[in-house]
Amino acid sequence: ASVPSATRASDTGLRGRGTARSEEGPGMAEEEQEQQLSKEEAEMRLQQMRAAVQEQMRQINILEMDAAEHRLVLEALDPLQGGRKCFRMVGTVIVERTVSDVKPALTANLEQMKAAVKKLTESCKKQQLEADAFAAKHRLSSKQGAAQQAEEQEGADEGSSGVLI
């Protein structure tokens, strides 16, 4: 039993939106849909974009904290002899290793974290620029997003600078 095309269009939410003409490029349909967004839809989409940026910033902070822990452990292991026994947590299991086994693994993990932070930072900046361009294109106020980011940045700066007296 086939379903009438009007029913299928309403099921997928396509009714009333129109279709892209064949002479238009693949990007033209997206641009046309973006221009047809209502103010509420545009604000919702901007909030989603800002939330994605905030999630990436959170991931960057987590990776930076893990990298700082790795640096501290490497500094603590530096003066120790290579044959000395130490313990390393792998997942939820603590395993016995030697300092000479653990140091290269920690160094490799630290380098991977640095690379991931760099990649996430670039991606975050790109998404932020896209969100700002979207806000400008749809004439949305970006004051709220900018104020939130400024507060988060201040909070991150205070945490890393120590105690102020």
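This structure is a prediction, so every number in the text was calculated from the model and none was measured.

1. Structural notes on a nonpolar patch on the surface
Here's step 1: There is a patch of nonpolar side chains on the surface, built from F87, M89 and I94 and spanning about 370 Å² of accessible area.
Here's step 2: Secondary-structure assignment places F87 in strand β1 (residues 85-90).
Here's step 3: On the basis of relative accessible area, F87 is assigned to the exposed category, the value being 56%.

2. Considering the pairing of strand β2 (residues 93-98)
Here's step 1: In the sheet, β1 pairs with β2 via 6 bridges, with the strands oriented antiparallel. Along β2, the bridge assignment pairs R88 with V95.
Here's step 2: Hairpin connection, β1 to β2: the antiparallel pair is bridged by 2 residues, and G91 has positive phi, about 70°.

3. Some words on the side chain of Q56
Here's step 1: Checked against the element boundaries, Q56 lands in helix α3 (residues 39-77).
Here's step 2: Residues contacting Q56, with those up to four places away along its chain left out, are L120, S123, C124 and Q127.

4. Looking at helix α4 (residues 99-137)
Here's step 1: Over its 39 residues, α4 runs 56 Å from end to end, which matches the ideal 57 Å to within 8%, given 1.5 Å per residue.
Here's step 2: Buried within α4 are the following residues: V99, V102, L106, L110, M113, V117, L120, C124, Q128, A131, F134 and A135.
Here's step 3: Following α4 by one or two positions, R139 adopts a phi angle in the positive range, close to 55°.

About the cut-offs
- Residues numbered from 1 in each chain as written.
- Predicted model: local features only at pLDDT ≥ 70, side-chain atom pairs only at ≥ 80, totals over all residues.
- Heavy atoms only, no water.
- Patch = residues over 30% accessible without salt bridge, like charges linked within 9 Å, V, L, I, M, F, W, Y side chains within 5 Å.
- Areas by Shrake-Rupley, 256 points an atom, 1.4 Å probe, with all protein chains shown as cover.
- Salt bridge = Lys/Arg side-chain N within 4 Å of Asp/Glu carboxyl O.
- Helix = DSSP H or I, 4+ residues; strand = E, 2+ residues; numbered from the N terminus.
- Buried < 20%, exposed > 50% of the residue type's maximum accessible area, 1.4 Å probe, protein only.
- Pairing = 2+ DSSP bridges.
- Contact = heavy atoms within 4.5 Å.
- Expected span 1.5 Å × (residues − 1).

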